[in-house]
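Descriptive analysis of the structure
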Amino acid sequence: MVSSIHSVRIWSSQVALNAFKDVSDNKTSDSSASGTSSSSSSLADMLFSSSSGGEDDYEDEKLSALIASLQRTMNGTVPDDTAGDGSVGDMSSKAFMKALQEKLDALKANPDSKAMAEAMQKALDAGTLTVTDAVAGDQITAWDIADGTQTSTGVTSVDTSDWTQFLKDRLTRDESGKFVRNADGSYIEKATGNSSYFGMVGEAYYYISWAATKTAAGTTAASSTDTK
């Protein structure tokens, strides 16, 4: 079972790495259906789209860092799990929740993502932050390991999907086909109106969602090459 999960993680990382390389090489991917041609944004397009040109340098640095991280995973150089905390690849473990908290702390340290991270932190503290691994078909409600009253609720099964299709199915778009964001930078789920974020925790990708707050009601279109 552990070997199977590890294989899924490596496969997911390989797919993401290939997407990143395509973007860095200025490659594009097109698809057509029912005689209508449409441009499908890659996983990297979704991750690294920016709402303003001034963020390009920051996004390039983040892209390089994630490529290096993915390469370490594929080369088998991922750090060993912390003794007694389980595996970071196990969403129900303390190790994963520690990695999630570290991710939130890093986002809070960035002025551009601070407000979003604080909203995520409040949801985590309240036990309402949901984490999904669409590739593995796993979902869990995040829990605060520092809070003695909170414990893991266990992993539940969800439909499996590749990340590109998963995000397209869930995120709201404007009339031009661009993904729409809340004022804090989080994406908006079209079915629930909840806020969401997509990024790495440890060495794998996860989709994180939480109930939207009234203070983040404003929206701005995220940069994307996707069209309806």
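Residues numbered from 1 in each chain as written. Predicted model: local features only at pLDDT ≥ 70, side-chain atom pairs only at ≥ 80, totals over all residues. Heavy atoms only, no water.

1. With respect to the packing of aromatic side chains
Spelled out, the test is: Ring pairs shown here join Phe, Tyr and Trp side chains whose ring centres sit within 6.5 Å, with only the six-membered ring taken for Trp; geometry is labelled stacked below 30 degrees between planes, edge-to-face above 60, and tilted in between. Strands are runs of DSSP state E lasting at least two residues, helices are runs of H or I lasting at least four, and both sets are numbered from the N terminus onward. Under the scheme applied here, a residue whose accessible area is under 20% of the maximum for its type counts as buried, over 50% as exposed, and between as partly exposed, the area being computed with a 1.4 Å probe on protein chains only.
Taken as a whole, this structure holds six aromatic pairs when the rule is applied. Between Phe96 and Tyr206, the ring centres sit 4.9 Å apart and the planes meet at 70°, which makes this aromatic pair edge-to-face. Taken as a pair, Phe96 in helix α4 (residues 94-108) and Tyr206 in strand β9 (residues 204-210) lie far apart in primary sequence, 110 residues in all. You can call Phe96 buried: its relative accessible area is 0%. Look at Tyr206 and you get buried, because its relative accessible area is 1%.

2. Structural notes on the environment of Trp163
Structurally, Trp163 can be placed in helix α6 (residues 163-170). A residue is classified by how much of its surface remains accessible, and Trp163, at 4% relative accessible area, is buried. Taking the C-alpha atoms as reference, Trp163 lies 6.9 Å from Val135; in sequence the two are 28 residues apart.

3. Thoughts on the pairing of strand β3 (residues 130-133)
Which entries qualify depends on this criterion: Any two strands with at least two DSSP-identified bridges between them are counted as paired.
Burial of the side chains of β3 extends over both faces: Thr130 and Thr132 are buried on one face and Val131 and Asp133 on the other. Inspection of the sheet shows β3 paired to strand β4 (residues 138-141) by four bridges, in the antiparallel sense. Residue pairing for β4: Thr132 is matched across the bridge by Gln139. Relative to β9, β3 runs antiparallel, the two sharing three bridges. Within the sheet, the bridge partner assigned to Thr130 lies in β9 and is Ser209.

4. What about α4?
Let me state the cut-off plainly: Here the expected span of a helix is defined as 1.5 Å times the quantity of residues minus one. Contact between two residues is taken to exist if any of their heavy atoms lie within 4.5 Å; hydrogens are not considered.
Under the 1.5 Å per step criterion, the end-to-end length of α4 is 21 Å for 15 residues, consistent within 8% with the ideal 21 Å. Of the positions making up α4, those classed as buried are Ala95, Phe96, Met97, Ala99, Leu100, Leu104 and Leu107. On its buried face, α4 sits against α5 (114-126), β3, β4, β8 (195-201) and β9.

Don't take any of this as a statement about function, it's just geometry.
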